[in-house]
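Below are the chains, spelled out letter by letter.
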Amino acid sequence: MNKRLLIVAHAPSPNTLKLREAAARGAHHPDIEAVDVTVKAPLDAGPNDIRACDAILLGTTENLGYMSGALKDFFDRSYYPVLEEKQGLPCALYIRAGRDGTGTRRAVESIVTGLRWHWVQEPLTLRGEWQEAFVDQVEELGMYMAAALDSGVI
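Worth saying up front: this structure is predicted, and the values here are computed from it rather than measured.

What counts and what doesn't
- Residues numbered from 1 in each chain as written.
- Predicted model: local features only at pLDDT ≥ 70, side-chain atom pairs only at ≥ 80, totals over all residues.
- Heavy atoms only, no water.
- Core = buried A, V, L, I, M, F, W, Y, C linked by side-chain atoms within 4.5 Å.
- Buried < 20%, exposed > 50% of the residue type's maximum accessible area, 1.4 Å probe, protein only.
- Helix = DSSP H or I, 4+ residues; strand = E, 2+ residues; numbered from the N terminus.
- Pairing = 2+ DSSP bridges.
- Right-handed = clockwise from strand over helix to strand, strands pointing away.
- Expected span 1.5 Å × (residues − 1).
- Contact = heavy atoms within 4.5 Å.
- Polar contact = N/O pair within 3.5 Å; in protein donor to acceptor, adjacent residues only side chain to side chain.

Enquirer: Provide a residue-level description of the nonpolar core, including the pertinent values.
Expert: One finds I56, L58, F74, F75 and W117 to be the most contacted residues of the largest nonpolar core, which totals 25 residues. Elements that contribute at least two residues to this core include exactly strand 1 (3-9), strand 3 (55-61), helix 3 (69-82), strand 4 (90-97) and helix 4 (102-115). Of all hydrophobic cores here, the second largest spans 24 residues; its members include L5, A27, A92 and V138.

So this is what it looks like as structure tokens:
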């Protein structure tokens with residue numbers, strides 16, 4: 001039975017859409033054989049998606065030093081319904097930050113700590129002016145998450 005990776009990422013601009021697509025492309029790497037990938041915008045995802053996954057990759061923009069309202073809405077709708085049954089869920093995060101991303105990271109980390117999910121790596125913060133290298137970094141993150149699921153590391 002295949003493992004399931006859920007990617008929930010806010011993509012309000014062409015560049016952030018490139019990031020979400022890169023995460024999915026990395027997760028669909030041809031060497032990864034036994035992982036099904038679901039990609040959703042935060043407003044389209046909810047508790048049932050979390051229940052159905054074996055790991056989650058979150059993506060958000062930095063909005064006024066906080067996570068996107070869409071990702072916060074996802075957490076608001078999902079927190080209590082999955083709190084007890086998805087403890088230990090492997091997760092990772094990327095942040096597209098025009099500034100430093102510190103407040104955004106802290107906010108998501110606080111929620112993830114409350115959910116008792118397990119970080120598989122430090123959050124990836126893509127700071128400053130847009131760089132095409134951000135796409136490669138997020139593609140690698142998607143690939144690493146799926147490869148870890150595929151190999152049983154997470």
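Enquirer: Which residues make up the pairing of strand 3, and what values do they have?
Expert: For strand 3, the tally of buried residues reaches seven of seven residues, placing the bulk of the element in the interior. Burial of the side chains of strand 3 extends over both faces: A55, L57, G59 and T61 are buried on one face and I56, L58 and T60 on the other. Here strand 1 pairs with strand 3 via five bridges, running parallel. The partner of L6 across the bridge, within strand 3, is I56. Bridge analysis of strand 3 against strand 4 gives six bridges, and the strand direction is parallel. Within strand 4, the position partnered with T60 by the bridge is I95. In this view, the connection linking strand 3 to its parallel neighbour strand 4 by way of helix 3 has right-handed handedness.

Enquirer: Outline helix 1 (residues 14-27), supporting the account with residue identities and numerical values.
Expert: With 14 residues, helix 1 should reach 20 Å at 1.5 Å per residue; the first-to-last C-alpha distance of 20 Å fits that figure. Among the residues making up helix 1, those that are buried are T16, L19, R20, A22, A23, A24, G26 and A27. Its buried side turned inward, helix 1 meets strand 1, strand 2 (35-40), strand 3, strand 4, strand 6 (124-127) and helix 5 (133-151).

Enquirer: Outline the environment of N63, supporting the account with residue identities and numerical values.
Expert: Relative to the assigned elements, N63 resides in the loop between strand 3 and helix 3. We classify N63 as partly exposed; its relative accessible area is 34%. Here the alpha-carbon distance between N63 and T104, two residues 41 residues apart in the chain, equals 7.8 Å. A polar atom in the side chain of N63 sits 2.5 Å from the side chain of T61.

Enquirer: Go over unusual backbone geometry with me, naming the residues and quoting the values.
Expert: The phi angle of most residues is negative, glycine excepted, and most peptide bonds adopt the trans form. A positive phi angle, close to 55 degrees, is found at L64, a residue other than glycine. Take L64: it is sitting in the loop between strand 3 and helix 3. Although it is not a glycine, R116 adopts a positive phi angle of roughly 65 degrees. With respect to the secondary-structure elements, R116 resides in the loop between helix 4 and strand 5 (118-119). Relative accessible area serves as the criterion here: at 46%, R116 is assigned to the partly exposed category.

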